[in-house]
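# Coordinates in review
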Protein chains: 2
Amino acid sequence: MSERVEVERKVLSENDKLAAEIREGLSAKKILALNLVSSPGSGKTSLLEKTLYVLDKEFNIAIIAGDVQTDNDAKRLERAGGKTVRPIMTGGACHLDARMVVKVLDEIDIDKLDLLFMENVGNLVCPSGFDLGEDMKVVLMSTTEGDDKPLKYPSMFRKSSALVINKIDLLGLSDFDIDKAEKHALQVNGGLDIIRLSCRTGENINHWCDWLRDKIAEKKE
Amino acid sequence: MSERVEVERKVLSENDKLAAEIREGLSAKKILALNLVSSPGSGKTSLLEKTLYVLDKEFNIAIIAGDVQTDNDAKRLERAGGKTVRPIMTGGACHLDARMVVKVLDEIDIDKLDLLFMENVGNLVCPSGFDLGEDMKVVLMSTTEGDDKPLKYPSMFRKSSALVINKIDLLGLSDFDIDKAEKHALQVNGGLDIIRLSCRTGENINHWCDWLRDKIAEKKE
């Protein structure tokens with residue numbers, strides 16, 4: 001097994017080097033870069049649709065939409081008004097890596113960009129190990145998943161700066177206890193900013209957009 | 001990258017060898033072995049709780065409950081009446097592998113067993129590549145995820161023999177189109193047995209249990 005560990009270490013160290021270059025390039029242009037991670041179906045694409053709807057005229061936004069197969073998400077985001085949306089199909093790989101991001105960034109004119117979203121593959125485990133050069137990770141969970149997810153998948157919650165709890169319109173229709181979910185998340189990572197919202201009804205989407213406005217402003221300072 | 005591919009191939013071939021041994025051992029005792037796979041939060045543990053409730057007196061059932069961290073699921077299943085429940089904490093790994101299963105099987109008295117569930121880590125990508133020696137994979141999805149999941153994560157649906165669509169009590173509260181979901185699943189794998197149910201209300205749990213009874217009977221022939 002040591003051969004395997006050694007190869008994994010090498011892959012990760014190459015990835016980290018490339019991610020550092022991405023980070024430097026984006027930071028030089030004062031672009032806020034967010035890596036969106038979650039289980040499949042938590043609502044990453046829906047959140048981006050709502051975000052485009054509110055912030056698309058205020059900021060220049062680009063989105064890299066990662067998926068194992070299909071460019072469904074990228075198409076949805078273009079329909080939602082996204083002017084710069086690029087799909088990455090990983091072709092079986094369970095996460096985005098810095099190499100995939102570099103290739104796509106080469107095709108984007110980043111000169112006037114304020115905000116770059118990297119929508120990762122839906123997977124609560126593997127993407128946590130791969131730095132994409134983002135400023136921060138934002139993890140989503142939804143009220144239809146278990147409230148113990150932060151305890152079961154701690155690495156992802158530990159490495160994220162913000163937690164979005166989506167589908168609050170469905171609270172009460174399952175055994176999900178949102179206060180318990182928050183407690184578990186903070187137990188794993190006390191520094192998390194937490195935003196409860198519903199992409200479906202639009203409730204609290206303004207909180208999320210205000211959070212983004214703050215982070216974009218901080219980045220430009 | 002070829003070094004990486006070579007190591008991955010070696011790991012998988014070692015896994016396949018071990019899985020074949022597991023399969024042979026379980027088949028010699030005519031035990032039906034199912035590998036349960038899904039996103040986090042689709043309801044694998046809830047489905048097993050309901051299954052225990054209905055079938056625990058009819059059959060000898062053992063459950064291996066895999067998770068990245070915590071033995072929460074194993075504890076839930078013991079509370080639900082599971083007499084033989086063994087947790088596997090993968091400690092960061094994104095899937096169960098045959099080596100982990102062998103270790104746990106050594107601790108279980110399989111002589112009188114009818115049915116073995118292996119509840120995999122919640123992950124729609126990686127577990128599809130690792131044979132655990134099961135007779136078949138059962139993939140779960142829930143009505144709160146997107147109905148295009150089979151197209152986005154085709155490998156898992158292709159390698160499964162049955163699809164359980166859980167949380168039908170929440171149909172109509174999201175944009176999920178269950179007929180479209182089935183169509184997508186059958187497009188990827190025309191041989192899937194599909195069961196729609198709700199672990200929360202219990203609706204159609206009898207269909208699932210009948211399906212299990214049939215498969216257990218076939219195994220004993």
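Preceding this section is the structure that the text describes.
If you tally the helices and strands in chain A, you get eight helices and seven strands. A globule of 221 residues ought to have a C-alpha radius of gyration of about 17 Å, and chain A, at 17 Å, matches this closely. Taken along the three principal axes of its C-alpha coordinates, chain A extends 50 × 45 × 35 Å. Expressed as a percentage of its 221 residues, the buried residues of chain A come to 57%.

Moving on, we come to the interface of chain B and chain A. Many authors give the size of an interface as the accessible area that is lost as the parts come together. Counting residues at the interface gives 42 residues for chain B, matched by 42 residues for chain A. Summing both sides of the interface, chain B and chain A together bury roughly 3300 Å²; the carbon and sulfur share of this comes to 56%. Where chain B touches chain A, the interface holds six salt bridges. Measuring nitrogen to oxygen at the nearest pair gives 2.8 Å for the salt bridge that ties Asp175(B) to Arg200(A). Where chain B touches chain A, the interface holds 15 residue pairs in polar contact (both at pLDDT 80 or more). Counting residues per element, the ones that place at least two in the side of chain B that touches chain A are helix 1 (2-28), helix 3 (72-79) and helix 5 (149-152) of chain B. For the side of chain B that touches chain A, the leading source of residues is helix 1 of chain B, giving five residues. A per-class count over the side of chain B that touches chain A returns 16 nonpolar, twelve polar and 14 charged.

Definitions and limits used
Residues numbered from 1 in each chain as written. Chains lettered and ligands numbered in written order. Predicted model: local features only at pLDDT ≥ 70, side-chain atom pairs only at ≥ 80, totals over all residues. Heavy atoms only, no water. Helix = DSSP H or I, 4+ residues; strand = E, 2+ residues; numbered from the N terminus. Rg over C-alpha atoms; globule rule 2.2 N^0.38 Å. Buried < 20%, exposed > 50% of the residue type's maximum accessible area, 1.4 Å probe, protein only. Contact = heavy atoms within 4.5 Å. Buried area = accessible area lost by both parts, 1.4 Å probe. Salt bridge = Lys/Arg side-chain N within 4 Å of Asp/Glu carboxyl O. Polar contact = N/O pair within 3.5 Å; in protein donor to acceptor, adjacent residues only side chain to side chain. Nonpolar A, V, L, I, M, F, W, Y, C, P; charged D, E, K, R; others polar.

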